[in-house]
Structure formats: structure tokens, C-alpha cells
Amino acid sequence: MSEAVLRYDQVSVGDALPELPIELTSSLIVAGAVASQDYTPVHHDKEAAQAAGMQDIFMNILTTNGLVSRFVTDWAGVDARITNVSIKLGTPNLPGDTMTLTGSVAEKDDAASAVTVDVTGKNAWGNHVTGTVKVALAAGD
Amino acid sequence: MAISGKEREDFEKQLEPYVGLDIGIEDRGRDPVNAAMVRHWCEAMGDHCGAYTDADQAGNSVHGELVAPPTMLQAWILGGVGMATGESDPRDKQKELHRLFDAHGFTGVVATNTEQEYTRYLKMGDEIRATTVIESISEQKATGLGIGYFINTRTRFYDQNDDEVGWLTFRVLKFENEAPAAATEAEAPAAAGRPQRLKPALAHDNQWWWDCVEQGELAIQKCSDCQALRHPPRPMCGECQSSDWEFVFSTGQGTIHSYVVIRYPEVPGYTYPLVVAVVDLEEGTRFVGNVLDVEPDDVEIGMAVQASIELVDDEMKLPVFRRA
């Protein structure tokens, strides 16, 4: 698989990133928690989640961050270098729902060949995540 | 009720020493940064970026070699299976602070914000450790979840050369939890399943109309005396004050009389932006409904629309409109 590389000069403020729908399955939520070494019971044990007032297991924050990062590098390619991820957390990601990630370029920093991308991940209940990702791109020719 | 007066004053005095405090334990990665954990992470996230798992692509990229996904930073120092037992290091001042909140009724906990900054991408073989400082504790706040305090922490990550590779902040709300069981590290509770629409209040005067909807028909009430149409259903004719009525079925054809586009606030269960139109039905009365599958900018007064009865959530049927 050869990856397209997005260069800094190809990007304009307002550019939209390709939308990324994520099906929220129990498998994804557990796999994300385990891959991030986060065995807090509410992310893999339904009974523990219910005892905590939720009706099912819910996605941990590292997985949310991982998906946000993937969303940006799916667009920006292998030469992207993420320098900052800042997110606000909202409605939980629960099995059976879908989170759709959308984003657009909010700012360009010529000196650093970096852009700031606004990202929103929305599920049926509202915004699961809103935030920004700063990512340095390959400089233009 | 949240503590107040002298009790609150005493409590907040006990919080002061924690501000600026290092939590007293260092988190040390049990494994160096390695390809197996990176591959596992990428599979879970569905992340196919070659910089993480394809040595050739990574070698030819700006990274020069395989690197770990940056958002995996905290994964290198988390506790793994041991976290499920709930045992914690008694020297951990952050846990001690949470217990202090718990003891004063602020048992709920929810993470509201997190920020990560990466000085460099981690490479295979890097050995990571981290230290955490409680940076600030807010004053008492009334939040949507209840009365509570925000705690801000910052975790700094270092490599085998003691160079900082990045940091992570968390903003956590400790709040008075109305729910009986307190979560240990849980986000806010939500209702089960997918969001459902608010149900109409059914009574003698409108039950028949909703029964028609259930049968797939858009009914219009009609005065038996003066023949005037009316909607929504009500017991008496506004024109002739007769309480005798019948109904007709609408063809669902109409034109947009007026409309609004709702963008904010978003109510769960609807798709936004949401076009809500007053439709002149061809029978001669008006009906309010959502217009679907049309860009808000394309909606016009006078546009021809057609109604259909559709399920709008798991159980509720409603007439909705589309461009005719």
C-alpha cells in the first residue's frame, strides 16, 4: 500500500477532511481499552459499567484519542507529524451507536508548515469529542 | 446538598496543600516501546498509517524509522490488567485527593478535557517514565452534573535519556453524584440505547389522529357542519363552534409556506441542520413537519413537498416531508 502524502502547500484553511464513521461495537471498545493497557473495568466489564451508572461498557479516552489521530493521518499521510491533541469530552461512546468524525482546517502556521484541524466526533447523543489537532505537514517544493 | 459554610471552608483548606504537589509516584513503562504493542493498537484503531507498522514506508518518511502513534503516549505507562483489581499505591497523592473528595460527598468523577503535546514521536526501544503534578483545583462550581470541583493534572513523559518527550493534561470534575453507585473512572451516565423522540401526550381529542399515523395516514380533522379543515386536532370548530367533526385523509402533497433551519442547540434523536417547515397541504390546511434529504440552502418558500409516514426512532411514526 502506498500512501499519499499531503504537502503543506496543498492545504487551505476551510478544507474539509474526509468524514470517518466509526461503528461502535463492544469489540472495538474492548480492543481499544486493551491495546491502550487501560483495564479500568468500566471499559471491558458490562456489570462494572452498570454499577457505575452506565448501561454498557463505554470507550476509554485513549481510544478516542487514537481514533482522532487516525482520522487526521488518514487524511494527512505518512509524513504528518502530530504535535498536539486537545479535546473536550462529551457524550459517551456506547456499543450499538456510530461515531462520525468530521473536521476541517482551521489555521495554517507557515513557519512550522503546520496546520490546526478542528475535529468533531458525533454519536447519536451528541458530540462525543470536540477539539483540535496540530499537525506538521511535509513542506512544499 | 453540597457542604457549605464552615464545613466547606475547612474542606477547601484541606485541598490547598495538594495544589502544585507531585503525586509522589513515578509511572514507569513495563515494556520499552515495541512493534507488537504498536501493531495491536493500530489494529484496534483501524489505523493503517505506514509510519507505525510498515518499516519501508516509515524509513522513507519524515520519521526515518518505525514510530509509535503519538496518541499512544499514555499507553506505555498504564497499569494493564492490574488496573482491574482497583488496588492503588498508597503513596499516590492523586488517589488520596480523590478519596478526600469522596469523603465529603463528591463521589462522582468525570474527565472533561485532555490535552497532549508531543516533543517527538517515540521510536522502538524507547523507555518511558512519567511524573504527574496536581496543577490546580478550581473553586466550587455548579455544573450540569452537580456541584463539584475541577482538578487539573499534568503528566510529563521522559525517555531513557531523561529528555521530555511530551506531556498530558487532564481536567477532571469531582462532583456530588446523584446516582447511588459512584464510578471510579467513569464518564457521565447516559440513557440506554439510541435517543428516542419525546412522545405526544395522548388523550380523547388527539388519540384518533395518532392512530391514523400508526396506520400510515395523515389525517385532517374536518368540521361536519361548516366543512372547515383544522389541525392540530381539537374538540371544537374555530369557525362555527360546532363540536361535530369527521376527518379526511390528506394526499400529503403541499407547498412550503414558511420554514426555519435549526442548528443549535442539538437535541438528541434529530439530524442537524434540521429543516422545520409549515406546509400548506393541498386540502387547505397547514401542517408542521421536518423536511428531509434537502440542503437547507435549497429550501424555498413555495417549494412543492410530499409527505410520507415514517419511523423516526425505534417506535414512533411521524409524517415527514421531502421535495416533491
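You'll find the structure just up there.
Residues numbered from 1 in each chain as written. Chains lettered and ligands numbered in written order. Predicted model: local features only at pLDDT ≥ 70, side-chain atom pairs only at ≥ 80, totals over all residues.

Trainee: Just to check I follow, could you spell out the pairing of strand E2 (residues 81-89) of chain A for this structure?
Mentor: Looking along a regular strand, one sees side chains alternate from face to face of the sheet. Pairing analysis gives eight bridges linking E2 of chain A to strand E5 (residues 126-136) of chain A, with the strands arranged antiparallel. From the neighbouring strand, Leu 89 of chain A faces E5 of chain A, where its bridge partner is Val 129 of chain A. Note that E2 of chain A and strand E2 (residues 108-118) of chain B share five bridges and pair antiparallel. When the sheet's bridge partners are listed, Val 85 of chain A is paired in E2 of chain B with Gln 116 of chain B. (Pairing = 2+ DSSP bridges. Helix = DSSP H or I, 4+ residues; strand = E, 2+ residues; numbered from the N terminus.)

Trainee: So what exactly am I meant to see when it comes to helix H5 (residues 93-103) of chain B here?
Mentor: Residues that lie three or four places apart on an α-helix share one face, since the helix turns once every 3.6 residues. Residues and elements named next belong to chain B. Along H5, the residues that are buried comprise Gln 94, Leu 97, His 98 and Phe 101. Each buried residue of H5 sits inside an arc of 100 degrees when the element is viewed along its axis, so together they form one side. For H5, the exposed residues set more than 90 degrees away from the buried face come down to Arg 99 and Ala 103. Those residues of H5 hidden inside the fold are in contact with E2, strand E3 (129-137), strand E5 (146-158) and strand E6 (164-175). Gly 105 occupies a position one or two residues after H5 and carries a positive phi of about 95 degrees. (Buried ≥ 20, exposed ≤ 12 C-beta atoms within 10 Å, placed from the backbone. Arc of directions from axis to C-beta. Contact = placed C-beta atoms within 7 Å.)

Trainee: Even after reading the chapter, I still don't get the packing of helix H1 (residues 26-35) of chain A against helix H2 (residues 35-45) of chain B, so can you show me in this structure?
Mentor: Each pair of packed helices gets described by two things: the angle between the helix axes and the distance between those axes. Relative to each other, H1 of chain A and H2 of chain B sit at 155 degrees, their axes nearing to 9 Å. When the axes of H1 of chain A and H2 of chain B are compared, the pair comes out roughly antiparallel. Along this stretch, H1 of chain A crosses H2 of chain B, giving a crossing that reads as left-handed. Contact residues: H1 of chain A offers Ala 31, Gly 32 and Ala 35 of chain A, while H2 of chain B offers His 40, Trp 41, Ala 44 and Met 45 of chain B. In terms of residue class, the contact of H1 of chain A with H2 of chain B is made up of five nonpolar, two polar and no charged. (Axes fitted to C-alpha atoms, helices over the stretch in contact; angles between N-to-C directions. Parallel < 35°, antiparallel > 145°, perpendicular 65-115°, else oblique. Left-handed = near helix turned anticlockwise from the far one by under 90°. Nonpolar A, V, L, I, M, F, W, Y, C, P; charged D, E, K, R; others polar.)

Trainee: What exactly am I supposed to notice about the interface of chain B and chain A here?
Mentor: One frequent convention defines the size of an interface as the accessible area lost when the parts assemble. With 49 residues of chain B at the contact, the number on the chain A side is 45 residues. Every element with two or more residues in the side of chain B that touches chain A is listed here: H2, helix H3 (50-53) and E2 of chain B. Take the side of chain B that touches chain A: its biggest share by element is eight residues, from E2 of chain B. Class assignment of the residues belonging to the side of chain B that touches chain A gives a composition of 27 nonpolar, 15 polar and seven charged.

Trainee: Mind showing me how you'd approach the environment of Met 45 of chain B here?
Mentor: With respect to the helices, strands and loops of the structure, Met 45 of chain B is situated in helix H2. For Met 45 of chain B, a count of 28 C-beta atoms within 10 Å gives the class buried. Residues within four places of Met 45 of chain B in sequence aside, it is in contact with Gly 32, Gly 66, Leu 67 and Arg 70 of chain A.

Trainee: For this particular structure, what's the right way to read the sheet that holds strand E8 (residues 229-230) of chain B?
Mentor: Residue and element names in this part refer to chain B. Taken in spatial order, the three strands make up an open sheet running E8-E7-E9, and their pairing is antiparallel. One side of each edge strand has no neighbouring strand; the edge strands of this open sheet are E8 and strand E9 (245-249). With five bridges joining them, strand E7 (residues 219-223) and E9 adopt antiparallel strand pairing. Residue pairing for E9: Gln 221 is matched across the bridge by Phe 247.

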